[in-house]
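Geometric and topological summary
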Amino acid sequence: MYSRPLVSILINNYNYERFLREAIDSASLQTYSPVEVVVVDDGSGDNSQELIASYREHSWLTCAPPITYNYVLQALAGLNSKVKHG
């Protein structure tokens, strides 16, 4: 049986709460399936972590096709570390 490869969309974040919802929503609108959205937060001091958590809790909302949300929280490790997690 032929199966399509998983596409991972990586969103790196550090104190960009004001842009984060738009970035995650944009990734959620992809029509390809299967898709996973991986958000790596580098120890943000704003409300980014709460916003990201709300997507994980409500990933069933209106996404068609279904999307998997993964969240990686790290403590100020920098961009190189984000890419390694993604």
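Residues numbered from 1 in each chain as written. Predicted model: local features only at pLDDT ≥ 70, side-chain atom pairs only at ≥ 80, totals over all residues. Heavy atoms only, no water.

**Description of the pairing of strand S2 (residues 35-41)**
Filter applied, for reference: When a residue's accessible area, from a 1.4 Å probe over protein chains only, is under 20% of the maximum for its type it is buried; when over 50% it is exposed; and in between it is partly exposed. Helix numbering and strand numbering both begin at the N terminus, where a helix is a DSSP run of H or I of at least 4 residues and a strand a DSSP run of E of at least 2. Think of it this way: DSSP has to see at least two bridges between two strands before they count as a pair. Here the term right-handed applies to a crossover when the path leading from its first strand over the helix to its second strand runs clockwise, the strands being oriented away from the viewer.
Most of S2 sits out of view: 7 of its 7 residues are buried. The alternating pattern of S2 places Val35, Val37, Val39 and Asp41 and Glu36, Val38 and Val40 on opposite faces, both of which are buried. By the bridge criterion, 7 bridges tie strand S1 (residues 7-13) to S2 in an arrangement that is parallel. Each bridged residue has a counterpart across the sheet, and for Ser8 the counterpart in S2 is Glu36. With respect to chirality, the unit in which S1 leads through helix H1 (residues 17-28) into the neighbouring parallel S2 is right-handed.

**Quick word on the packing of aromatic side chains**
The geometry of an aromatic ring pair is captured by two quantities: the separation of the ring centres and the angle between the planes. Heads up, the rule is: For Phe, Tyr and Trp, where Trp contributes only its six-membered ring, two rings pair if their centres lie within 6.5 Å, and the inter-plane angle classes them as stacked under 30 degrees, edge-to-face over 60, or tilted in between.
For the structure shown, the criterion picks out 1 aromatic pair. An angle of 40 degrees between the planes, with centres 5.8 Å apart, marks the rings of Tyr16 and Phe19 as tilted.

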